[in-house]
Amino acid sequence: MPDLLIELFSEEIPARMQARAAADLKKLVTDGLVEAGLTYASAGSFSTPRRLALTVEDLTPESKAVREERKGPRTDAPEKALEGFLRSTGLSQDELERRDLGKKGEVFFAIIEKPGRPAADIVSEVLENAIRTFPWPKSMKWGAGNLKWVRPLHRILCILTDEAGAEVVPLDVDGIQSADKTEGHRFMAPQPFAVTSFEDYSTKLKRAHVVLDPQERADHIWADATSAAFAQGLEIVEDKGLLTEVAGLVEWPVVLMGDIDETFLGLPPEVLQTSMKEHQKFFSVRNPKTGRIEKFVTVANVETEDNGATILAGNQKVLFARLSDAKFFWENDLRIAKGDKMQPWLDALENVTFHNKLGSQKERIDRIASLAREIAPVVGADPDLAEQAARVAKADLSSEMIYEFPELQGLMGRYYAEAAGLDAQVANAAEEHYSPLGPSDDVPTEPVSVAVALADKIDTLTGFWAIEEKPTGSKDPFALRRAALGVIRLFFDNDVSANATQIFKLGLELFPFGQMIAQQIKDNQKKVETDQNYLANLDGPGTLLGGTRDETEERIAELLRKQEVLLTELNSYNEHILSSRYDLLSFFHDRLKVFLKDKGIRHDVIDACIAMPGDDDLTLLVKRAEALSDVLKTDDGENLVQGFKRTNNIFQQAMDALTEAEKNDGVSYELDPKVELAETDEEKTLFAALDAAEAKITPAMEAEDFTTAMTAMADLRAPIDAFFEAVKINADAEIVRRNRLCLLNRIRVICGGVADLTKLEG
């Protein structure tokens, strides 16, 4: 069976688009081939800055013939129905068959036969469609044609290779005709050459200074760069994203190492690294002994006679200019941090809007500072340090360095806080308060950093809940889900137990909406009292200055109407704030399910824990869910759940069967069962087991030792199973029946004190 080779050769494709484009080419072509009736053994796609390539192995030489039988309308059906059927089949009436279907009458049938098609014809059709409909994020037209491609397309290589040799698949896309030729490196081997197979293609490309596989290019770059650094006692700062990007910028990678001028070695290493990465696509080379960035690695796309000396000289000249700017920003910022203690930056944040409904960054910082002070005792932090850290944590947003490199926010805040002579905990909080940003991000552990990080995220969440800008469906423009997961991780990883709804309440109350309404009510009441006093002292019809009696009374009436509206608004807002606390907690419970799902804990296990008191302590919720999940993985735990459900079902049926007369007589199955009414050994054993379990579970739950409590609950499995096997619940003696139902209720109560097992599935 033949192998297919496709190459689309163009001007340089942006590095960020190459991997996706190679995958799209593979999907478009292989899906099209399969839909047309061809099969294949395997397919692989590749990309370089100037080409997308696809190889398909063991392609069937032609599609199979297809015979389709399609039922149509009755032969006496309206003419329009027949016309529609003929259009859909592409046949004439004479080509239809008539068949007698008995009670259904005589019906038209169409027999549609499609002969098999050669693979070359199908490939030509599929590839042209793929080229014309290719999903580039951005594309362009060039010349006089209408074809769109990411950059001008120059060649289409498309061949089928079998034992007889290679055959060009004929194709013409806006004047670009397919062939068996491609080109090598733009400068080192620009001459076209023919290929006969994928192996021939990849081999000749490498001779022409083109490495086809992007992973091979990346591996080559990393190996040469680390070897060059190691030879000088240095190390490369790992950056997988930059490595992937640089591998997409070159077809023939040549690694060169250059020096950084000593003038810039005093800059923070992160500044050097960011500047070189963002502007020059350089790798940073670090001295492991000092931690300084002392050299750089650049990757050229060509071998030169001077071994890259000219390229390095040019790069070093450009780098000098870039780092001169960074040094200027750094020195200016340090002057403000040391001399003015960052106050000008904080003042400038008053003019920076955080959100049009939530005020400026300065107002937000005030809220975060107040909230951090309240949270500090909960996490073991000093309230004064927590408030101070919150007030300066975002000061660097106004600095010149962050204006140039926004990704360094927080980190530069730490440098500037240290330069200002602030406490080390305050400086660390400036860097760490944004964390964690994702599931793999480190979680701050210093108490001051934890307090500020929690305050920052909770202010964001409560703010958007206050203005009812919540995530909906897949839309979360303010990353509130990520913020909630960050809060959960901050609580759990630092073993912080706290009443989340109380903290949400503190956060919501910091927003001035209710205070503004209350102030309007207060001001309005003063106006009413002023006018009422005026009326009380008015003997005649009134004065020109104060107004007539009628005018004053009308003004008072209007003020009182306004007062009623304001009071209604205030009550409505207070109700909204109250409901927002619990709505936000529900949102956190949903995020908690995502967090625990990654730990292998089922959602119904989490529901069983959320249904218990204390559901607003997120850390305890996680611990309880982990303990319950561990117990359910044991045979005793899983079987206990089944026994509990049986217990609960029997009890509920008995409760539902109680008559009104029995209820009026005080009949209840929720009383304490009496051991002296137990008749069987299994019944007495269960009484003893429940006493023992309760003696362990009650203190364990008070001590928040969920593992001990869950284990004690699981130990009930055997006595409960034995009880159900040996004991008839609905005994003939009514007093014994009622006592046994009360015993079932005791099982429910003891197990229900650990988790709501009714929420568990299965």
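Refer to the structure printed above.
This one's a predicted model, so the numbers in the text were calculated from it and none came from an experiment.

Q: Can you walk me through the pattern of salt bridges in this structure?
A: Note that side chains of opposite charge can pair when their charged atoms are close. Taken as a whole, this structure holds 52 salt bridges when the rule is applied. Residue E106 pairs with R98 through a salt bridge whose shortest N-O separation is 3.5 Å. In this structure E106 comes out as partly exposed when scored by relative accessible area, which is 33%. A salt bridge links D456 to K394; its shortest N-O distance comes to 3.4 Å.

Q: I'm lost on the sheet that holds strand 16 (residues 293-300) in this one. Help?
A: Adjacent strands of a sheet form backbone hydrogen bonds with each other and so pair up, either parallel or antiparallel. The antiparallel open sheet is built from 4 strands, whose spatial order is 13-15-16-14. The outermost strands of the open sheet, each flanked by one partner alone, are strand 13 (235-236) and strand 14 (254-259). Across 4 bridges, the pairing between strand 15 (residues 283-286) and strand 16 is antiparallel. When the sheet's bridge partners are listed, R286 is paired in strand 16 with I293. Of the strands in this sheet, strand 15 and strand 16 are in contact with helix 7 (residues 269-280), which crosses strand 16 at around 15°.

Q: What is the right way to look at the nonpolar core in this model?
A: Nonpolar side chains tend toward joint burial in soluble globular proteins. Membership of the largest hydrophobic core comes to 147 residues, with the highest contact counts inside it found for L461, F588 and L628. Examining the composition of this core, we find that 11 residues originate from one element, helix 15 (residues 447-466), more than from any other. Core analysis: the next-biggest nonpolar cluster, separate from the first, contains 35 residues, A119, V126, L171 and V173 among them.

Q: So what exactly am I meant to see when it comes to the sheet that holds strand 5 (residues 97-100) here?
A: Within the open sheet, the 3 strands sit side by side as 4-6-5. Their pairing is antiparallel. A strand with exactly one partner marks an edge of an open sheet, and here the two such strands are strand 4 (66-74) and strand 5. On average, each strand axis in the sheet is inclined to that of its neighbour by 35°, with strand direction left out of account. Both strand 5 and strand 6 (residues 106-114) contribute to a ladder of 4 bridges, which runs antiparallel. Within the sheet, the bridge partner assigned to E97 lies in strand 6 and is F109.

Q: Sorry, what's going on with the packing of aromatic side chains here?
A: The geometry of an aromatic ring pair is captured by the separation of the ring centres together with the interplanar angle, meaning the angle of the planes. Inspection of every chain in the model, using the stated rule, returns 18 aromatic pairs. When the ring of F134 is compared with that of W149, the centres are 5.1 Å apart and the planes differ by 50°; the resulting orientation is tilted. Linking F134 in the loop between helix 3 (119-132) and strand 7 (153-162) with W149 in the loop between helix 3 and strand 7, this pair joins segments that are 15 residues apart in sequence. Among the residues examined, W149 registers a relative accessible area of 1% and is labelled buried. Ring geometry for W345 and Y416: centres 5.0 Å apart, planes at 55°, overall tilted. Of the two residues, W345 sits in helix 9 (residues 343-348) while Y416 sits in helix 13 (residues 411-419), which places them 71 residues apart along the sequence.

Scoring rules and cut-offs
Residues numbered from 1 in each chain as written. Predicted model: local features only at pLDDT ≥ 70, side-chain atom pairs only at ≥ 80, totals over all residues. Heavy atoms only, no water. Salt bridge = Lys/Arg side-chain N within 4 Å of Asp/Glu carboxyl O. Buried < 20%, exposed > 50% of the residue type's maximum accessible area, 1.4 Å probe, protein only. Pairing = 2+ DSSP bridges. Helix = DSSP H or I, 4+ residues; strand = E, 2+ residues; numbered from the N terminus. Contact = heavy atoms within 4.5 Å. Axes fitted to C-alpha atoms, helices over the stretch in contact; angles between N-to-C directions. Core = buried A, V, L, I, M, F, W, Y, C linked by side-chain atoms within 4.5 Å. Phe/Tyr/Trp six-rings, centres within 6.5 Å; stacked < 30°, edge-to-face > 60°.

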